[in-house]
Amino acid sequence: MLKNLLRHSLRSFKRQRSYIIINILGLSIGIACSLLIALYVINEASYDRFNTKKDRIFRLVLNGKLSGQEFLGAYTCAPIGPTMLREYPEVEDYLRMSGRGPTVVGYKDLTFTDDHIIEADSAFFNFFTIPLIKGDPKNVLNAPRRAVISESTARRIFGNEDPIDKPIKIGDDTARYIISGVMSDIPGNSHFEANILTSFMTDPRSQNPIWLSNSYSTYLLLKPNSSYKTVDEKIPAMLEKYVGPEVQRIMGISLQDFKAQGNKYRFYLQNLKDIHLDPSIQQEFKAASDPKYLVIFGSISVLIVLIAAINFMNLATAQATRRSKEVGIKKLGGSTRGMLISQFLMESFFLALVSLVIAMIIIWLTLPYFNNLLGTHLELRLFAKWFTIPALILFTLFVGFLSGSYPAFFLSSFNPVDVLKGSIRGSTHNGRLRRILVVFQFAVSILLITGTLVMYRQIFFMLNKDVGFNKENLLVINRAQALGPKVESFREAIKQIPGVINISSSTALPGRNNNLNGYGIEGRKDESFLLQTGWVDWDFINTFGMTLARGRNFDKSFTTDKEACIVNESAIKNFGINNIENTRFMLPLDSGRFRYLQVIGVVKNFNFESLRNPIQPYMLIFKGNENLWGYVSVKLRPQNIQQTIAEIEKKWKEFTSNDPMQYFFVDEDFRQMYSQERQNAQLAVIFSILAIFIAAMGLFGLTSYTVEQRTKEIGVRKAMGSSISGIYIIISREIFILVSVSAIIAWPLIYLIASKWLQNFYYRINPGVFSFFAGLAVAIGVATLTISYRIVKAAMVNPAQSLKYE
């Protein structure tokens, strides 16, 4: 029986070659899109799941609120981990980690900058399942100035030499670090990257006893069968015990009174598996992915498969008249309805399996581009798991069943007597279902096109909005601390370069904030205020092209400016400051005393964070010799930029004993803030093109069939004097009506989706009408191009030939 089914199916394929090609191509693209997105979603959801203790590892998250400004970040103080190990029986171990940022690494004559160096406690290898190739996992980080390097870094530095016990230079420390271990490279699906681990105890700040100084990531390993909720419930009492006295000493009020004022200061545990898909939490390692995009693109991939399946249904049912005689003859020959259903489903299964093979080729060819677009390292490993191949086959058979089930049941239902009498013709021409399916296809296509246009308009808006400073031609050099006390001399030397307009040094930059501080205001007892803070020199405001709204800039001629500050308009508005001359901010010191900072100016608001967020209060404090770390920013003339950079680099090496100069441009750095949005917009463009391409292929097949069925009608109309344009309008009119109906259905949906997506941005566009009509125009344009050739070709045929057509 199976042999006969295959034989009949092959005969049918030969008679329907062009329609089969359209179906295979559509299904191949649909399956390839679904599998690519599935690979991406599975990869994102699998972050940190390679760790064998993942269910027992939790990260501490700080949730604070001060003066109405809320903060959520994975930052803790140094003593919290050891304290929880000592006082909580549920805690088995703790781990503190801190990224060092771009750091110079040197060995003999080799010098390079590494962005992925992490300070970590000796418990690192007890937490994370990273194989240690050389060294004892318990001892590799248990002493100062010890370092563990990754396998690839070991090859980079030492080649074929054994790196163990060899000294290397890390950062500006004159003492060398000793290599104590070599680990496997950190997997790409880990929430952090590390080429080098250094012992946490090397950093003097690791001994900082202040509980309100939060700079590190702290992880807890709970004992088996311990509940993280139990630990969560104990944290408030611990904060009352250790944070309470510090709040009392600094602010003069108890922690309970602090909270009673509407403020908040608490920690909670977040499981390791949840870290990568929670973008609401600020962190210093890899940026988290937004799970909303995984849902969006997963849904789009399903819709594309549905569009491809609809093509199959449409073309199969459109050819019902052609295949009705085949059905009638087979039924008269003894074939049962079940046998016919089996044959038609066998055809769709065969087409789906052929499409799967082609889809695998498409994925293999496009995966490098896909990885480059998303910054991932996806691999097509068909034999990595035993269930991969069976799952693919089952998915493909499901797609085949979805595509072929309705045509199979529809075609097999024909009465052989009616078929052979020709009375089936009228019922098969009832194309209501086909119209509904075409409307669905183009509604999805218009939805994707319009959504993509909204995304691109928002991205264009964010990249071109006035952010309150001039970010063009602004070069920033990392690691200002490499200059040490010679920063002023370096500034003067750089100013002499003809291509340099201005130069400034600072601890923070717009887009790279690193210090969120709590302050008091003199005379306003029991109140506290949260401000992002940057320590800057005299020329910072001029170098960045910022504008003062009130007051004045830092001035060298005023020695008191070393104890002064400039705040932004948000600070003035949010804190209700009316007279800046009588306003002094109070910066708490570790000694329990305060540093008083007189407000001398108000800078107009500038976007120091992504446009997803409103502009919060910001403070600029004069940067003295005690703050040598941070950045050096250089405003360049637009002419001969590369030559100017080369001269700056030459001076840098003179001042830093030949250290490599690592730099970036502020405008490019701001573009990176929206890298996920830009990647997703590019993905949306690709999916929109594929969706409308598949829909257009189906429309081309349907048009070809319609023209074929109406050949005699076209001949009669031409013989009666109809023009080519008149025939074109008659045949294409229904298509344009269906596309317009699709737009009417798609517009409310995409308006709701786009409006909700835009709510992620504080500064955003209005969806407007342009994107909606542009989506309709694209769909109509594609439909016109798709059907025009076939209709015009048929309309140009000699009527005598058309009237002979059977």
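Residues numbered from 1 in each chain as written. Predicted model: local features only at pLDDT ≥ 70, side-chain atom pairs only at ≥ 80, totals over all residues. Heavy atoms only, no water.

K.L.:
Tell me about the pattern of salt bridges, residues and numbers included.
P.N.:
Taken as a whole and judged by the stated rule, the model has 21 salt bridges. Salt-bridge contacts for glutamate 92 lead to arginine 56; the nearest nitrogen and oxygen are separated by 3.1 Å. With glutamate 92 in strand β3 (residues 91–99) and arginine 56 in the loop between α2 (17–45) and β1 (57–66), this residue pair connects regions lying 36 residues apart in the sequence. Residue arginine 56 is classed as partly exposed on the basis of its relative accessible area of 21%. The salt bridge involving aspartate 162 is made with lysine 134; its shortest N-O contact spans 3.2 Å. With aspartate 162 in the loop between α5 (151–158) and β9 (167–170) and lysine 134 in strand β7 (residues 132–134), this residue pair connects regions lying 28 residues apart in the sequence. Relative accessible area serves as the criterion here: at 33%, lysine 134 is assigned to the partly exposed category. (Salt bridge = Lys/Arg side-chain N within 4 Å of Asp/Glu carboxyl O. Helix = DSSP H or I, 4+ residues; strand = E, 2+ residues; numbered from the N terminus. Buried < 20%, exposed > 50% of the residue type's maximum accessible area, 1.4 Å probe, protein only.)

K.L.:
Got a sec to walk through helix α18 (residues 641–655)? Specific residues and values, please.
P.N.:
If you check α18, its first and last C-alpha atoms are 21 Å apart, about what 15 residues at 1.5 Å a residue would give, namely 21 Å. Ile641, Thr644, Ile645, Ile648, Trp652 and Phe655 are the residues of α18 that are buried. Within α18, the buried residues cover an arc of 100° as seen down the axis, which keeps them to one side. When the buried face of α18 is taken as reference, the exposed residues oriented beyond 90 degrees from it are Gln642 and Lys650. Each element contacted by the buried residues of α18 is listed here: β14 (474–477), α15 (487–495), β15 (500–506), β23 (631–636) and β24 (663–665). Immediately beyond the C-terminal end of α18, within one or two residues, lies serine 657, with a positive phi of roughly 55°. (Expected span 1.5 Å × (residues − 1). Arc of directions from axis to C-beta. Contact = heavy atoms within 4.5 Å.)

K.L.:
Can you explain the layout of surface pockets? Please cite residues and give values.
P.N.:
A volume near 610 Å³ is recorded for the second largest pocket. Lining of the second largest pocket is provided by 27 residues; of these, Ile296, Ile300, Leu447, Ile750 and Ile753 occupy positions nearest its centre. Listed by contribution, the elements that provide at least two residues to the lining of the second largest pocket are α8 (291–318), α14 (432–464) and α22 (724–758). Counting residues per element, the lining of the second largest pocket draws most heavily on α14, at nine residues. (1 Å grid on protein atoms, 1.4 Å probe; cavity = no way out; pocket = protein on both sides within 12 Å on 5 of 7 lines; lining within 4 Å. Points joined across faces, edges and corners; volume = space filled by probe spheres on them.)

K.L.:
Explain the side chain of histidine 191 to me, using residue names and the numbers behind them.
P.N.:
Following the sequence through the fold, histidine 191 ends up in the loop between β10 (177–183) and β11 (196–199). On the basis of relative accessible area, histidine 191 is assigned to the buried category, the value being 1%. At a separation of 3.1 Å, a polar atom in the side chain of histidine 191 contacts the side chain of aspartate 48. Ignoring anything within four residues of it in the chain, the contact list for histidine 191 reads Tyr47, Asp48, Phe128, Tyr219, Leu272, Ile275, Phe285 and Lys286. (Polar contact = N/O pair within 3.5 Å; in protein donor to acceptor, adjacent residues only side chain to side chain.)

K.L.:
Give a detailed account of the confidence of the model for the protein chain, specifying residues and quantitative values.
P.N.:
Any region with low pLDDT has predicted coordinates that should not be read closely. When pLDDT is averaged along the protein chain, the result is 83, and 88% of the positions lie at 70 or above. Here helix α13 (residues 425–428) is the element of the protein chain with the lowest mean pLDDT, 47, and strand β12 (residues 217–222) is the one with the highest, 94. pLDDT under 50 marks residues 426–430. Its contacts with residues more than four places away, or in other chains, come to seven contacts. (pLDDT = per-residue confidence, 0-100.)

K.L.:
Which residues make up the pairing of strand β19 (residues 564–568), and what values go with them?
P.N.:
Taking burial as the measure, the five residues of β19 include five buried ones, the bulk of the element. Side chains Ala564, Ile566 and Asn568 of β19 all project onto a buried face; the interleaved residues Cys565 and Val567 project onto the opposite face, where all are buried too. By the bridge criterion, five bridges tie β19 to strand β21 (residues 594–603) in an arrangement that is parallel. Bridging from a neighbouring strand, asparagine 568 pairs with valine 603 of β21. Where β19 meets strand β22 (residues 618–622), three bridges bridge the pair, whose relative direction is antiparallel. From the neighbouring strand, cysteine 565 faces β22, where its bridge partner is isoleucine 621. (Pairing = 2+ DSSP bridges.)

K.L.:
Describe the packing of aromatic side chains, listing the residues and the values that go with them.
P.N.:
Counted by the stated rule, this structure contains 35 aromatic pairs. Geometrically, the ring pair formed by phenylalanine 529 and phenylalanine 575 is tilted, given 4.7 Å between the ring centres and 55° between the ring planes. Taken as a pair, phenylalanine 529 in strand β17 (residues 529–536) and phenylalanine 575 in the loop between α17 (569–574) and β20 (584–588) lie far apart in primary sequence, 46 residues in all. Their ring planes at 55° and their centres at 4.7 Å tell us that phenylalanine 608 and tyrosine 618 sit as a pair that is tilted. Of this pair, phenylalanine 608 sits in the loop between β21 and β22 while tyrosine 618 sits in strand β22, placing them 10 residues apart in sequence. According to the relative accessible area criterion, phenylalanine 608 is buried, its value standing at 1%. Members of the aromatic cluster, connected to one another through ring pairs, are Phe124, Phe125, Phe127, Phe128, Phe192, Tyr219 and Phe285. Directly above the aromatic system of phenylalanine 112 lies the positively charged group of arginine 156, at a separation of 3.7 Å from the ring centroid. Taking the ring centre of phenylalanine 664 as reference, the NZ or CZ of arginine 512 above it sits at 3.9 Å. (Phe/Tyr/Trp six-rings, centres within 6.5 Å; stacked < 30°, edge-to-face > 60°. Lys NZ or Arg CZ within 6 Å of the ring centre and 35° of its normal.)

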